[in-house]
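Inside the fold
Below are the chains, spelled out letter by letter.
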Amino acid sequence: MSTTRPYLPGDRGPESGGVSGGGAPTASAPEGDVAAPPSGAQAAAASMPTGSPEASGPSGSPGGRQVRRLSFEGQSGVVPLARDFTRQALQAWGWLPAATADRRAAAEDVLLVVSELVTNACLHAEGPDQLGIVCDSKVIRLEVTDRGAGQPAPRTPHRAGRPGGHGMFIVQRLCLDWGVVRAPGIAGKTVWAELGTPA
């Protein structure tokens, strides 16, 4: 697990990619725009094109990278909004409806991690600015950008009956890796998490 190492594009080879950006529910940017490392909430919002959410890259092709972005600016009910947006992406990419129990479990894990990352941004970072989802043949990467200064960290869950303390613990348990990216001189951060794609 990594809580500070930015998983910059290219760290895993030519298929990897990061997400940056913000703006109303948005279309994904061209591949060159997607490959830029996250640059914080304000710089990201300025770089995002707007429009209806669409995948980028060769849809359904083996090894093709799929990208979706969503801005939360002016939105309420951001956790269910993020889950619905992610569910639509998973449907477009063929994860849902799931053909097997393993594929269904993988999709449910992705939805749970999105919920936890967005909820953490709401509780500890003045709310999320944007959600980015990047999927290739090996990994799905979730990124939530916010303006908060804090550092997320897993805690041992509280005793039964006491709320809180479970979010990053769940993320740590379900994900291959996760971390935080900060841009120097820009308020905020991007919390990312990666899960393996189903076989």
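The sections below set out a description of the structure shown in this document. (Residues numbered from 1 in each chain as written. Predicted model: local features only at pLDDT ≥ 70, side-chain atom pairs only at ≥ 80, totals over all residues. Heavy atoms only, no water.)

Let us look at the pattern of salt bridges. Tallied over the entire structure, the rule returns five salt bridges. Across the salt bridge formed by Arg 141 and Glu 194, the nearest N and O atoms sit 3.1 Å from each other. Of this pair, Arg 141 sits in strand β3 (residues 139-146) while Glu 194 sits in strand β5 (residues 189-196), and the two are 53 residues apart along the sequence. Judged by relative accessible area, Arg 141 falls into the buried class, the value being 2%. The class for Glu 194 is buried, based on a relative accessible area of 2%. Residue Asp 146 is joined to Lys 189 by a salt bridge in which the shortest nitrogen-to-oxygen separation is 2.9 Å. Of the two residues, Asp 146 is situated in strand β3 and Lys 189 in strand β5; the sequence distance between them amounts to 43 residues. Like Lys 189, Asp 146 is buried. Within this structure, Arg 141, Glu 143 and Glu 194 form a network of salt bridges that share partners. (Salt bridge = Lys/Arg side-chain N within 4 Å of Asp/Glu carboxyl O. Helix = DSSP H or I, 4+ residues; strand = E, 2+ residues; numbered from the N terminus. Buried < 20%, exposed > 50% of the residue type's maximum accessible area, 1.4 Å probe, protein only.)

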